[in-house]
Amino acid sequence: MAATIIDGKKISDEIKAELAIKIDKLKKSGITPGLTAILVGNNPASESYVKSKAKACAKIGVYSEVIRRSAEVSQKELEDIVKELNRRHDIDGILVQSPLPTHIDELAITLLIHPEKDVDGFHPYNVGLMLLGRPIFLSCTPYGVMELLRRYNIDPSGREVVIVGRSNIVGKPLGAMLIQKQKMANATVTICHSQTANIKEVCRRADILVAAMGRPQFIKADMIKNGAIVIDVGINRVEDQKEERGYKIVGDVDYEGCFDRASFITPVPGGVGPMTIAMLLTNTVLSATRRANNWRIG
Ligand code: GUN
């Protein structure tokens, strides 16, 4: 049986259309949501993410700017940029594109972002609130996965979810979101990683399998159970001379191989990727709405 394709592009377009209506209303009350991305160096993937973010902002009426610095930027200069953005009233969201050069203390930068403007949901304060089930911002990629499940009426409650990958931006927060005692969560979660014994057997238990370890096409058909729901968070560039640009984008799942065994599957591109941006915009509009309502933490 062929899987149903979970169309992240379509869902992200729906979310953006919903946001555009909210933005119109905010603008009528004199507030334009504003997002600043800080981009350091010239990592091609980061360039491409930031470009997509700026394009999406322009399309729905979010003011956006990109602050660029060379890979030689100092810790002090980055910190000063964040402090200034914290002060600015026209900016609702601050995003520091990772990875940063190795001489930069990334955690120190994240800690400086005001939690009310942390639309990436990476500040430890926000990670903590999310873990407690009282989030003010959810991290965009795991939030995007939760939203895809919700909009496809896939209820994780009582089901076995296996997440492959324990990153701070996907695996760990997604696991925390899925175990919350709340609707469209309540899952039984296992997180696998490079040290997991018998990873194949663990994956085969999954009703919902999430691949988020950054290894091209690692999940093969014999690693999923019949009828599994397969969510692919991977975005990998692999060499392909048939493509004009010399590479193609593949996920962490062998999509073709798993297609006939899964009940639902996300494609790459066009699955989770567009959802990350949709949720970033969602968080930015939420932050602007809070500004309109003079909302403050605590
Ligand atoms: N690098 C890869 N994904 C992300 C993301 O969602 N946010 C930021 N800030 N950097 C990233």
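Treat the numbers as computed from the prediction; the structure is a model and nothing was measured.

Draft legend 1. Inspection of the site of the ligand at higher detail. Around the ligand, a shell composed of Tyr 49, Leu 95, Val 96, Gln 97, Ser 98, Asp 120, Phe 122 and Ile 169 is seen. Between a nitrogen atom of the ligand and a side-chain N or O atom of Gln 97, the distance comes to 3.1 Å. A total of 280 Å² of accessible area belongs to the ligand in isolation, and the protein chains cover 86% of it. Each residue belonging to the shell around the ligand can be placed in one class, and the counts come to five nonpolar, two polar and one charged.

Draft legend 2. Looking closely at unusual backbone geometry. The step from Ser 98 to Pro 99 runs through a cis peptide bond, and the omega angle for that step is 5°. Positionally, Pro 99 belongs in the loop between strand S4 (93-96) and helix H4 (106-112). Put simply, Val 268 and Pro 269 share a cis peptide bond, and its omega is -5°. Among the secondary structure elements, Pro 269 is positioned in the loop between strand S11 (264-265) and helix H10 (272-292). A positive phi angle, near 55°, is found at Asn 153, a position not held by glycine. The topology assignment puts Asn 153 in the loop between helix H6 (140-151) and strand S5 (160-164). Of the residues examined, Asn 153 reaches a relative accessible area of 68% and is grouped as exposed. Of note, the phi angle at Asn 294 is positive, near 55°, even though the residue is not glycine. Of note, Asn 294 is situated in the segment after H10.

Draft legend 3. Just helix H3 (residues 75-87), in detail. In this model H3 runs 19 Å from its N-terminal to its C-terminal C-alpha over 13 residues, within 8% of the 18 Å that 1.5 Å per residue would give. Burial in H3 covers these residues: Leu 78, Glu 79, Ile 81, Val 82 and Leu 85. Down the axis of H3, the sector holding all buried residues measures 155°, keeping them to one side. Facing away from the buried surface of H3 by more than 90 degrees, the exposed residues are Lys 76 and Arg 87. Against strand S2 (34-40), strand S3 (63-69), S4 and H4 lie the buried residues of H3.

Draft legend 4. Quick peek at the packing of aromatic side chains. In the structure shown here, the tally under the stated rule is one aromatic pair. Summarising the aromatic geometry, the rings of Tyr 255 and Phe 259 are spaced 5.6 Å apart at their centres and angled 50° between planes, so their arrangement reads as tilted. The lysine or arginine in question, Arg 290, covers the ring of Phe 137, its NZ or CZ lying 5.0 Å from the ring centre. Against the face of Trp 295 rests Arg 290, its NZ or CZ located 4.3 Å from the ring centre.

Draft legend 5. Focus on the sheet that holds strand S7 (residues 208-211). Sheet architecture is open: six strands sit in the order S1-S11-S8-S7-S5-S6, paired in parallel fashion. With partners counted over all chains shown, the strands left at the sheet margins are strand S1 (4-5) and strand S6 (188-192), one partner each.

Draft legend 6. Fine view of the layout of surface pockets. Looking at the second largest pocket, its volume works out to about 350 Å³. In terms of lining residues, the second largest pocket is bounded by 18 residues, among which Gly 121, Phe 122, Val 127, Asn 168 and Ile 169 are the most central. If you list the elements that add at least two residues to the lining of the second largest pocket, you get H4, helix H5 (124-131) and helix H7 (171-178). With four residues, H5 is the single largest residue contributor to the lining of the second largest pocket. Each residue belonging to the lining of the second largest pocket can be placed in one class, and the counts come to 10 nonpolar, six polar and two charged.

What counts and how
Residues numbered from 1 in each chain as written. Predicted model: local features only at pLDDT ≥ 70, side-chain atom pairs only at ≥ 80, totals over all residues. Heavy atoms only, no water. Near = heavy atom within 4 Å. Polar contact = N/O pair within 3.5 Å; in protein donor to acceptor, adjacent residues only side chain to side chain. Areas by Shrake-Rupley, 256 points an atom, 1.4 Å probe, with all protein chains shown as cover. Nonpolar A, V, L, I, M, F, W, Y, C, P; charged D, E, K, R; others polar. Helix = DSSP H or I, 4+ residues; strand = E, 2+ residues; numbered from the N terminus. Buried < 20%, exposed > 50% of the residue type's maximum accessible area, 1.4 Å probe, protein only. Expected span 1.5 Å × (residues − 1). Arc of directions from axis to C-beta. Contact = heavy atoms within 4.5 Å. Phe/Tyr/Trp six-rings, centres within 6.5 Å; stacked < 30°, edge-to-face > 60°. Lys NZ or Arg CZ within 6 Å of the ring centre and 35° of its normal. Pairing = 2+ DSSP bridges. 1 Å grid on protein atoms, 1.4 Å probe; cavity = no way out; pocket = protein on both sides within 12 Å on 5 of 7 lines; lining within 4 Å. Points joined across faces, edges and corners; volume = space filled by probe spheres on them.

By themselves these figures say nothing about function.
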